Amino acid sequence: MTKSEKDKMLAGELYHPSAPELQVELEACAAWLARYNAAMGEPAPVWHRLLQERLGAVGEHAMLRPPFYCDYGFNIRVGANVFMNYNCVILDTALVTIGDDTRIGPAVQIYTADHPRDPALRRSGLEQGVPVTIGKNVWIGGGAIILPGVTIGDDAIVGAGSVVTRDVPAGATVVGNPAKLVNG
């Protein structure tokens, strides 16, 4: 049995993002995002209900302030008491897990979408999703970028504007581009 492009994407294999089945999923998410982002003036419980419609998991009292942007939504797992400020982007072609009590500043970008390093393979249009895991009680400063495959340990701090290219140990603080360890 041949795997669908969505099955390949979810398995972390190379897949064609332009496949019709994935385009349908992207369109459904775009329609949901329009509703979610239009709810900006609504109370937080309305946002929470909308998040539960699309995201893979949403913990109690999680708050993602609109506007918010993602590819699919169903690959995002958000723990309890997570706070994500305005204008965040999650490219969720693979699983993104955000632990309880994590705080994420405005305009943070979390990417799971990755592209082949081989130019011929890249030219073919294939891409691959690589999961991102963010632990509990993490603080990510505004404008930070988290690249595919990164794990950020519990209680870590990512400085504003940092570009996180590799794993961050629990309790560590990283800053800069590329993010470098300043303690921990």
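Residues numbered from 1 in each chain as written. Predicted model: local features only at pLDDT ≥ 70, side-chain atom pairs only at ≥ 80, totals over all residues. Heavy atoms only, no water.

Trainee: How would you explain the overall build of the protein chain if you had to name every residue and give the values?
Mentor: Along the backbone of the protein chain there are four helices and 19 strands. Whereas a compact globule of 184 residues would reach a radius of gyration of roughly 16 Å, the protein chain reaches 16 Å, a difference of no more than 12%. The principal-axis extents of the C-alpha atoms in the protein chain amount to approximately 45 × 40 × 25 Å. The burial tally for the protein chain puts 42% of its 184 residues in the buried class. Summing over all exposed atoms, the protein chain offers an accessible surface of approximately 8,700 Å²; the carbon and sulfur share of this is 56%. Averaging the positions of the 15 positive and the 19 negative side-chain charges in the protein chain gives two centres separated by 4 Å. (Helix = DSSP H or I, 4+ residues; strand = E, 2+ residues; numbered from the N terminus. Rg over C-alpha atoms; globule rule 2.2 N^0.38 Å. Buried < 20%, exposed > 50% of the residue type's maximum accessible area, 1.4 Å probe, protein only. Areas by Shrake-Rupley, 256 points an atom, 1.4 Å probe, with all protein chains shown as cover. Lys, Arg positive; Asp, Glu negative; His and termini not counted. Charge placed at Lys NZ, Arg CZ, Asp CG, Glu CD.)

Trainee: Before we move on, could you go through the nonpolar core and cite the residues and values that matter?
Mentor: In terms of nonpolar packing, the biggest core is built from 41 residues, with Trp-32, Phe-68, Ile-90, Ile-98, Ile-110, Ile-140 and Ile-152 touching the most fellow members. When residues of this core are traced back to their parent elements, those giving at least two are α2 (20–38), α3 (44–54), β3 (68–70), β4 (76–78), β6 (88–91), β7 (96–98) and β12 (132–134). Non-local contacts of Ile-152, meaning those with residues more than four positions away in its chain, are made with Thr-133, Ile-134, Gly-135, Val-138, Ile-140, Ile-146, Val-158 and Val-168. Met-9, Ala-19, Leu-22 and Phe-74 belong to the second-largest nonpolar core, a separate cluster that totals six residues. (Core = buried A, V, L, I, M, F, W, Y, C linked by side-chain atoms within 4.5 Å. Contact = heavy atoms within 4.5 Å.)

Trainee: Describe the sheet that holds β7, naming the residues involved and giving the relevant values.
Mentor: The five strands lie next to each other as β1-β4-β7-β12-β15, forming an open sheet whose pairing is parallel. With one partner strand each, in any of the chains shown, β1 (57–58) and β15 (151–152) form the two edges of the open sheet. (Pairing = 2+ DSSP bridges.)

Trainee: How would you sum up the side chain of Arg-54? Please name residues and give values.
Mentor: Mapped onto the secondary structure, Arg-54 falls in helix α3. Arg-54 gets classed as buried once you look at its relative accessible area, which sits at 16%. A distance of 2.9 Å separates a polar side-chain atom of Arg-54 from the backbone oxygen of Tyr-72. (Polar contact = N/O pair within 3.5 Å; in protein donor to acceptor, adjacent residues only side chain to side chain.)

Trainee: Explain α3 to me, using residue names and the numbers behind them.
Mentor: Residues Val-46, Trp-47, His-48, Leu-50, Leu-51 and Arg-54 constitute the buried set of α3. Residues of α3 that are buried make contact with α2, β1 and β2 (63–64).

Trainee: Would you mind going over the pairing of β6 in detail, with residue names and values included?
Mentor: Walk down a regular strand and you will see the side chains alternate between the two sheet faces. The alternating pattern of β6 places Cys-88 and Ile-90 on a buried face, while none of Val-89 and Leu-91, on the opposite face, is buried. In this structure, β3 lies alongside β6, joined through three bridges in parallel fashion. Following the sheet pairing, Cys-70 is matched in β6 by Ile-90. Examined bridge by bridge, β6 and strand β9 (residues 109–111) share three bridges and lie parallel to one another. Its bridge partner lying in β9, Ile-90 is registered against Ile-110.

Trainee: So what about the packing of α2 against α3? Which residues, and what values?
Mentor: Put simply, α2 and α3 touch, their axes get as near as 10 Å, and they point 175° apart. Comparing their axes, α3 and α2 come out roughly antiparallel. In this structure, α2 uses Glu-25, Ala-28, Cys-29, Trp-32, Arg-35 and Tyr-36 to contact α3, whose residues at the interface are Trp-47, Leu-50, Leu-51, Glu-53 and Arg-54. Of the residues that constitute the contact of α2 with α3, the class distribution is seven nonpolar, no polar and four charged. (Axes fitted to C-alpha atoms, helices over the stretch in contact; angles between N-to-C directions. Parallel < 35°, antiparallel > 145°, perpendicular 65-115°, else oblique. Nonpolar A, V, L, I, M, F, W, Y, C, P; charged D, E, K, R; others polar.)

Trainee: Let's hear about the packing of aromatic side chains: which residues, and what values?
Mentor: Considering all chains together, one arrives at three aromatic pairs under this definition. Look at Tyr-36 and Phe-68: their rings are 6.4 Å apart centre to centre, the planes differ by 80°, and that puts the pair in the edge-to-face class. Taken as a pair, Tyr-36 in helix α2 and Phe-68 in strand β3 lie far apart in primary sequence, 32 residues in all. Relative accessible area serves as the criterion here: at 0%, Tyr-36 is assigned to the buried category. (Phe/Tyr/Trp six-rings, centres within 6.5 Å; stacked < 30°, edge-to-face > 60°.)

Trainee: How would you summarise the layout of surface pockets if you had to cite specific residues and measurements?
Mentor: Taken as a whole, the largest pocket holds about 160 Å³ of empty space. Lining the largest pocket, in full, are Val-164, Thr-165, Arg-166, Asp-167, Val-168, Pro-169, Val-174, Pro-178, Ala-179, Lys-180 and Leu-181. Residue composition of the lining of the largest pocket, by class: seven nonpolar, one polar and three charged. (1 Å grid on protein atoms, 1.4 Å probe; cavity = no way out; pocket = protein on both sides within 12 Å on 5 of 7 lines; lining within 4 Å. Points joined across faces, edges and corners; volume = space filled by probe spheres on them.)

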